[in-house]
Amino acid sequence: MSLHNIPLTMLDGGTATLSELSDGATLVVNVASKCGLTPQYAALERLARDYAARGLTVVGVPCNQFMGQEPGTAEEIQSFCSSTYGVTFPLLAKTDVNGADRHPLYAELTRSADAEGTAGDVQWNFEKFLIGPDGTVVNRFRPRTEPNDPEVLSAIEAVLPR
């Protein structure tokens, strides 16, 4: 199954697919509100705004699998993201990214290796997967790689039209 066609549940309870959320490149990031890396939301929002016209969509995937750092309800998550970081990019419903209940999207994403050649489980909150317009994973960035890191920006630039 193509990444673009995997059914997704949105934070508001609606459903969508990546192809409905994005007609270009997509940066999928598992997020959490109570993590030391949570300030990455600000840089993700900047990416979403700065590159939207060129076809990038950021998609946040709340996940509570890492030390319970996303404990809130859908309403609490939405409120926190919008009021604290001005998040306007789409957010999915709280999702398992690892383990037996791993979402099918992440079953596919985690087959992709990072820059060191390591595939497998998501390590922590804010792991990033860059999906090209054709629906293939073109880059995987581990959690501590900031969204505005030159490596991330270069990868985004490479998959977007000029």
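In short, a report on the structure. From a predicted model like this one, the values you see are computed outputs, not experimental measurements.

1. Thoughts on the sheet that holds strand 6 (residues 137-141)
Within a sheet, neighbouring strands are paired by backbone hydrogen bonds and run either parallel or antiparallel to one another.
Here comes step 1: Read across the sheet, 4 strands follow the order 4-3-5-6 without closing on themselves; strand pairing throughout is mixed. A single partner strand is all that each edge strand has here, and the edge strands are strand 4 (56-62) and strand 6. Adjacent strand axes in the sheet meet at a mean angle of 20°, parallel and antiparallel pairs treated alike.
Here comes step 2: Here strand 5 (residues 128-131) runs beside strand 6; their pairing, made up of 4 bridges, is antiparallel. Across the sheet, residue L130 finds its bridge partner in strand 6, namely N139.

2. A closer look at unusual backbone geometry
Here comes step 1: At M67, a position not held by glycine, the phi torsion is positive, near 55°.
Here comes step 2: Topologically, M67 is positioned in the loop between strand 4 and helix 3 (74-85).
Here comes step 3: If you check the backbone angles, F126 has positive phi at about 75° while not being a glycine.
Here comes step 4: If you trace the backbone, F126 turns up in the loop between helix 4 (104-109) and strand 5.
Here comes step 5: Since its relative accessible area comes to 0%, F126 is described here as buried.

3. Let's talk about the pairing of strand 3 (residues 25-31)
Here comes step 1: Taking burial as the measure, the 7 residues of strand 3 include 7 buried ones, the bulk of the element.
Here comes step 2: Every second residue of strand 3 is oriented toward a common face, with A25, L27, V29 and V31 on one face and T26, V28 and N30 on the other, all of them buried.
Here comes step 3: Note that strand 3 and strand 4 share 7 bridges and pair parallel. Across the sheet, V29 pairs through a bridge with G60, a residue of strand 4.
Here comes step 4: A crossover connection joins strand 3 to the parallel strand 4 through helix 2 (residues 40-51); in handedness this β-α-β unit is right-handed.
Here comes step 5: Pairing between strand 3 and strand 5: 4 bridges, direction antiparallel. Each residue of the ladder has a partner; that of L27, found in strand 5, is L130.

4. What about the pattern of salt bridges?
Here comes step 1: By the definition in use, this model includes 7 salt bridges.
Here comes step 2: A salt bridge links E127 to R142, with the shortest nitrogen-to-oxygen separation between them at 2.8 Å. Taken as a pair, E127 in the loop between helix 4 and strand 5 and R142 in the loop between strand 6 and helix 5 (150-159) lie far apart in primary sequence, 15 residues in all.
Here comes step 3: A relative accessible area of 0% places E127 in the buried class.
Here comes step 4: Note on R142: relative accessible area 12%, which makes it buried.
Here comes step 5: By sharing partners, the salt bridges in this structure join D114, E127, R140 and R142 into a single network.

Reading guide: rules and limits
Residues numbered from 1 in each chain as written. Predicted model: local features only at pLDDT ≥ 70, side-chain atom pairs only at ≥ 80, totals over all residues. Heavy atoms only, no water. Pairing = 2+ DSSP bridges. Helix = DSSP H or I, 4+ residues; strand = E, 2+ residues; numbered from the N terminus. Axes fitted to C-alpha atoms, helices over the stretch in contact; angles between N-to-C directions. Buried < 20%, exposed > 50% of the residue type's maximum accessible area, 1.4 Å probe, protein only. Right-handed = clockwise from strand over helix to strand, strands pointing away. Salt bridge = Lys/Arg side-chain N within 4 Å of Asp/Glu carboxyl O.

All quantities given are derived from atomic positions and should not be read as evidence of function.
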